[in-house]
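Residues per chain are reported as follows:
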Amino acid sequence: MFRTHTNGELTAKNLNEEVTLAGWVQTVRDKGFMIWIDLRDRYGITQLVFDEDRSEKALLEKAREIGREFVIQVKGKVIERSSKNPKIPTGEIEILASELNILNESELPPFTIEDETDGGEELRMKYRYLDIRRNPVKDKLMFRHKMAQKVRNYLSDEGFIEVETPVLIKSTPEGARDFVVPSRMNPGQFYALPQSPQTFKQLLMVGGLDRYFQIVKCFRDEDLRADRQPEFTQIDCEMAFAEQEDVLQIFEGLTKSLLKEVTGKDFADFPRMTYDEAMRRFGNDKPDIRFGMEFVELNDVAKGRDFKIFDDAELVVGICVENAADWTRKQIDNYTDFVKRPQIGASGMVWVKYQNDGTLTSSVNKFYDEAALKIIAEKFGAKPGDLLLILSGDENKVRAQLSALRMELGNQLGLRKGDEFAPLWVVDFPLLEWDEESGRFHAMHHPFTSPKPEDIALLSENPGNVRANAYDLVLNGNEIGGGSVRIFDRELQSKMFSLLGFSQEDAEAQFGFLMNAFKYGAPPHAGIAFGFDRLVAILDGNEVIRDYIAFPKNNSGRDVMIDAPSEIADEQLNELNLRISQ
């Protein structure tokens, strides 16, 4: 056998045992009369020793041929280490080698295979198979595995059945752009890679598999960010004969079990907040509630002072930064510049300092005397030493701008701590949102989301005010899961398609299979999907999902390791009827 033990398991209990180890060479230290080699595998590191007094000359010379990242096998005796290393589990012992086999040589790697490496991100992605040997990457992938096993065990214990759904499906116009796959056997026709198994899991409910789950790959052809990849993994779930409360209870339980696995702590029931409340208090539908700085609306105290910027605004709103009144003008200007960035879009920012001596001053002293500033400070519930930051403008835009500022402050002030967790359910989303460019409604979630039963009557007279029977699970300011009660009535689903601008013919062409299934006794059903990559990253104290994917794409959607996407041969294009004539 190649090994009797791994490189992380031998201790003083194994003294004098004859063992066989295998792995990669981490380091070689040659003192002339003695050579030490650190041997690594995914379980840890064991020190090997070769010396003039106890090793044959040929063995010592062979050890001198070894380089970093060589793959070797060694046989020897476990002995006590003279200079112990308490930082590793094997630090009390070393292996006095009696036999050495070089299984494979290695060129010098393009970066050091150590926790703190000298390799840049793009270089490490090009040689991802080497990067995976490093503990920070290896440990993240092992953590992902652990979470996946926990999810499978929990859902299986709750009666869910894991079912695989198709990867080659039909393209639909809703949502993000599809990745499409040409069909050789059906010239001019295309499959799409699924953005979600949505319709299939609903069909499984029609089929009587009343609790389904799948840890499934999904695909979206969209611009990338730190928390997005063109292919990603979902925990996809559906329940028949279930209402919103059933879904929330089951999947709050799942999240609590994962949080306990990570923290060792039990979590109380998750708070719930309506979409409208989240937007009013925090300016977005996935608020980070680990820290305060809640929005304070100021129209009633800020307007009417001949300050045109406030007087002409639809909304004047601000946040209170505690104990920041001593910030310098330069510090405040940095945040003003932040909100004026094109991606944020504010035209400026007003500040009010509530000095420690109780006096107030602001960037708009010309329009607001100290008495007026005092009224504004009271509206915030501010105290001496606090700093007030205020934006104004169109209501929807200014809330988004202030939300971005709040999150930036949370990051800069160290308020968003990776080892603190604040879960939250956000419920009662709008069912539809109006798109000015297309001049029609779009589904805020997807076309199969049911309206709240009490709002169904509004579909005909005021569809923009209809609330969805939908829910998102938010963790530390990130949406980690979202779902809804589904439409299971054929007539209501047809009405929904009509509101979304589908003709009867288009709806039949795109979703006729689902509508047809509803003729045969579709049960009430509801579901949810978790972004597994994002969930794992956040549970591990991070927000960048790329570190938790074995072979991720870069920000351009490229796999720089295998050089994909790439061109394909003319012969393949011809077979697929895709060749463009010159």
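Given the structure is predicted, the values throughout are model-derived calculations rather than measurements.

The next thing to look at is the side chain of Thr255. Among the structural elements, Thr255 can be located in helix H6 (residues 244-263). Filtering out sequence-adjacent residues up to four positions away, Thr255 remains in contact with Phe270, Leu473 and Phe530.

Turning next to the packing of aromatic side chains. For the structure on display, the rule yields 16 aromatic pairs. Judged by centre distance (5.8 Å) and plane angle (70°), the ring pair of Phe160 and Phe251 falls under edge-to-face. Of this pair, Phe160 sits in the loop between helix H4 (135-157) and strand E6 (161-162) while Phe251 sits in helix H6, placing them 91 residues apart in sequence. Residue Phe160 is classed as buried on the basis of its relative accessible area, which comes to 5%. Seen from the ring of Trp351, Lys353 lies directly overhead, with NZ or CZ sitting 5.6 Å from the centre.

All chains considered together, the criterion is met by 0 disulfides. Cysteine Cys237 is unpaired, with the sulfur of Cys218 as its nearest cysteine sulfur at 12 Å. In this structure Cys237 comes out as buried when scored by relative accessible area, which is 1%.

Moving on: the sheet that holds strand E16 (residues 387-393). What links the strands of a sheet is backbone hydrogen bonding, and the strands pair in either a parallel or an antiparallel sense. In spatial order, the strands read E12-E13-E16-E14-E15; together these 5 strands make up an open sheet with antiparallel pairing. Sheet topology places strand E12 (296-297) and strand E15 (360-362) at the edges, where each strand pairs with a single neighbour. The sheet contact formed by strand E14 (residues 350-354) and E16 spans 4 bridges and is antiparallel. Paired with Val352 across the two strands is Leu388, which belongs to E16.

Here we take up the domain arrangement of the protein chain. The domain architecture assigned to the protein chain consists of domain 1 (12-104), domain 2 (138-164 + 209-272 + 422-571) and domain 3 (291-413). Here domain 2 and domain 3 have C-alpha centroids that lie 36 Å from each other.

What follows concerns the packing of helix H10 (residues 329-339) against helix H12 (residues 395-412). Each pair of packed helices gets described by two things: the angle between the helix axes and the distance between those axes. As a packed pair, H10 and H12 sit with axes 10 Å apart at the nearest point and diverge in direction by 135°. In this view, H10 runs oblique relative to H12, as classed from their interaxial angle. In terms of crossing hand, the pair formed by H10 and H12 is right-handed. On H12, the residues touching Tyr335, Phe338 and Val339 of H10 are Ala404, Leu405, Glu408, Leu409 and Gln412.

In this section: the pattern of salt bridges. Following the criterion strictly, the structure yields 43 salt bridges and no others. As a salt-bridge pair, Lys138 and Asp139 come within 3.8 Å of each other at their nearest N and O atoms. Residue classification places Asp139 among the partly exposed residues on the basis of a relative accessible area of 41%. Residues Glu261 and Lys146 are paired through a salt bridge, measuring 3.5 Å at the closest nitrogen-oxygen approach. You can see Glu261 sitting in helix H6 and its partner Lys146 sitting in helix H4, a full 115 residues away along the chain. Put simply, Asp428, Lys452, Glu454, Asp455 and Arg467 are held in one network by salt bridges that share partners.

The rules behind each value
Residues numbered from 1 in each chain as written. Predicted model: local features only at pLDDT ≥ 70, side-chain atom pairs only at ≥ 80, totals over all residues. Heavy atoms only, no water. Helix = DSSP H or I, 4+ residues; strand = E, 2+ residues; numbered from the N terminus. Contact = heavy atoms within 4.5 Å. Phe/Tyr/Trp six-rings, centres within 6.5 Å; stacked < 30°, edge-to-face > 60°. Buried < 20%, exposed > 50% of the residue type's maximum accessible area, 1.4 Å probe, protein only. Lys NZ or Arg CZ within 6 Å of the ring centre and 35° of its normal. Disulfide = S-S within 2.5 Å. Pairing = 2+ DSSP bridges. Domains from an automatic or database assignment. Axes fitted to C-alpha atoms, helices over the stretch in contact; angles between N-to-C directions. Parallel < 35°, antiparallel > 145°, perpendicular 65-115°, else oblique. Left-handed = near helix turned anticlockwise from the far one by under 90°. Salt bridge = Lys/Arg side-chain N within 4 Å of Asp/Glu carboxyl O.

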